[in-house]
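# Summary of structural features
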Amino acid sequence: MERYRRQIILPGWGTEGQEKLRRDRVLVVGAGGLGSINLYYLTGAGVGTIGIVDDDTVTLSNLHRQILYTTDDLGRPKAECAAQKLKRLNPEVVFEAYPISLKNDTADELFKNYDVIVDGLDNLAARNVLNATCLRLNKPWVHGAVSEFYGVVTTFVPHQGPCWRCLYRNITGNEKRKEEFPILGPVPGVIGSIQAGEVLKLLTGLGSKLVGRMLVWQALQGRWSEFSFTRDPYCPACSSR
Amino acid sequence: MKVVLKLYATLQNYLPPGTQGTAAEVEIPAGTTIEDLFKAYNVPLDQVKIIMVNGRHTDLDYEIQEGDQVAGFPAIAGG
């Protein structure tokens, strides 16, 4: 427990909280900029089992922000490479690597054994699948997204607050993935750190979550904004109407 | 009449010059719709993925009322 001593002494955490965390299972979908940061902190914190979903390989243009990988890793599959690196950070954590993309017909099977899902995705269509799956399986998830100098983060707890489609009601799920978006390296670092904090709050039951509140980081202006939203009674995903 | 225009992330560049933060109080004539307001500030409509007035979803043809807070948000998709 010495490894976790500085968080165990946090108010409300204790050895019970740490023991619970050891039994918890978190799935990180996407091991890129956001995923790297989430995976580092969740591994360090001692989440018992961490699943890593990513079908991509490490490329040179990833390295300014995807801090899990080094130049030696170019061409390696991210899910497996990440698991190997993280095992060195904390050998007590069990890693389950899935070098696959998120698909509607396999997502239920993938998600069902995890307690919390982390969004490290890079496109709207896959997030639509993630949202629908979490609604079906009643899984809380932490959304993060970044572009240019901006990042957003919020937490979705199915049926207790709004869902992702309550925000993006006009998304069809057929949106094409943008091959390359401009991004300031530290932005996913900022957003991923907050996501990891939200996951740990969900698992330990500490604090109030970012449910119905989206934080927006605007790096150029050095400003945070908060965007509040409620359940959409006409939401195409979570409304019973 | 006075309303508050809120534009976030990449849309923030379309707020009136000198705006600090994400919100600006703007003066509009009665009968202005959200589409009119966005066009007046050159906000690219195809980039606005969330439109809310006073925290509730609405559409471009909504006729803005005195004191409304009109928010536009783009889709941020990267990871």
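One structure accompanies this document, and this report is about it. Only a predicted model underlies this, so the values are computations on that prediction, with no experimental measurement involved. (Residues numbered from 1 in each chain as written. Chains lettered and ligands numbered in written order. Predicted model: local features only at pLDDT ≥ 70, side-chain atom pairs only at ≥ 80, totals over all residues. Heavy atoms only, no water.)

### Points about the overall build of chain A
Check the secondary structure of chain A and you find 8 helices and 8 strands. The C-alpha atoms of chain A give 17 Å as radius of gyration, which agrees with the globular expectation for 241 residues (18 Å, within 12%). By principal-axis analysis of the C-alpha atoms, chain A measures approximately 50 × 40 × 40 Å. A buried classification covers 54% of the 241 residues belonging to chain A. Contacts in chain A between residues at least 24 apart in sequence constitute 65% of all its contacts with a sequence separation of at least 6. Surface exposure of chain A reaches about 10700 Å², of which carbon and sulfur atoms provide 52%. Where the 29 positive side-chain charges of chain A centre and where its 25 negative ones centre are 4 Å apart. (Helix = DSSP H or I, 4+ residues; strand = E, 2+ residues; numbered from the N terminus. Rg over C-alpha atoms; globule rule 2.2 N^0.38 Å. Buried < 20%, exposed > 50% of the residue type's maximum accessible area, 1.4 Å probe, protein only. Contact = heavy atoms within 4.5 Å. Areas by Shrake-Rupley, 256 points an atom, 1.4 Å probe, with all protein chains shown as cover. Lys, Arg positive; Asp, Glu negative; His and termini not counted. Charge placed at Lys NZ, Arg CZ, Asp CG, Glu CD.)

### Observations concerning the overall build of chain B
Looking only at helices and strands, chain B has 1 helix and 5 strands in total. Computed over the C-alpha atoms, the radius of gyration of chain B is 12 Å, within 12% of the 12 Å expected from 2.2 N^0.38 for a compact globule of 79 residues. Per-residue burial for chain B yields a buried fraction of 49% across its 79 residues. Partitioning the contacts of chain B with sequence separation of at least 6, the portion at a separation of at least 24 is 57%. Surface summary for chain B: the accessible area is close to 3600 Å², and the carbon and sulfur share equals 44%. When the 5 positive and 10 negative side-chain charges of chain B are each reduced to one mean point, those points stand 7 Å apart.

### Examining the environment of Asp-56 of chain A
All names here are of chain A. Within the element layout of this structure, Asp-56 appears in the loop between strand 2 (49-53) and helix 4 (78-89). Of the residues examined, Asp-56 reaches a relative accessible area of 29% and is grouped as partly exposed. Along the primary structure Asp-56 and Gly-30 are separated by 26 residues, whereas in three dimensions their C-alpha atoms are 8.8 Å apart. Leaving out residues up to four positions away in the same chain, Asp-56 has contacts with Arg-76, Pro-77 and Lys-78.

### As for the interface of chain B and chain A
Across the contact, 22 residues belong to chain B and 33 residues belong to chain A. With both chains or domains summed, chain B and chain A bury close to 2200 Å², and 59% of this area falls on carbon and sulfur atoms. On the surface where chain B and chain A come into contact, there are 0 salt bridges. There are 12 residue pairs in polar contact (both at pLDDT 80 or more) connecting chain B and chain A. Among the secondary structure elements, those contributing two or more residues to the side of chain B that touches chain A are strand 3 (50-53) and strand 5 (69-73) of chain B. Along the lines of polarity and charge, the residues of the side of chain B that touches chain A split into 10 nonpolar, 10 polar and 2 charged. (Buried area = accessible area lost by both parts, 1.4 Å probe. Salt bridge = Lys/Arg side-chain N within 4 Å of Asp/Glu carboxyl O. Polar contact = N/O pair within 3.5 Å; in protein donor to acceptor, adjacent residues only side chain to side chain. Nonpolar A, V, L, I, M, F, W, Y, C, P; charged D, E, K, R; others polar.)

### Points about the sheet that holds strand 7 (residues 213-218) of chain A
In sheet architecture, strand pairing relies on hydrogen bonds along the backbone and comes in two forms, parallel and antiparallel. All names here are of chain A. The 8 strands lie next to each other as 3-2-1-4-5-6-7-8, forming an open sheet whose pairing is mixed. Of all the strands in the sheet, just strand 3 (94-98) and strand 8 (223-228) have a single pairing partner and so form its edges. The mean angle between the axes of side-by-side strands here comes to 15°, regardless of whether they run parallel or antiparallel. Note: strand 7 against strand 8, 6 bridges, orientation antiparallel. Along strand 8, the bridge assignment pairs Leu-215 with Glu-226. (Pairing = 2+ DSSP bridges. Axes fitted to C-alpha atoms, helices over the stretch in contact; angles between N-to-C directions.)

### A word on the sheet that holds strand 1 (residues 2-7) of chain B
Residue and element names in this part refer to chain B. Spatially, 2-1-5-3-4 is the arrangement adopted by the 5 strands of the open sheet, whose pairing is mixed. At either margin of the open sheet sits one strand with a lone partner, and together these are strand 2 (23-27) and strand 4 (56-57). Bridge count between strand 3 and strand 5: 4 bridges; the pairing is antiparallel. Looking at the pairing, Ile-51 lines up with Gly-72 of strand 5.

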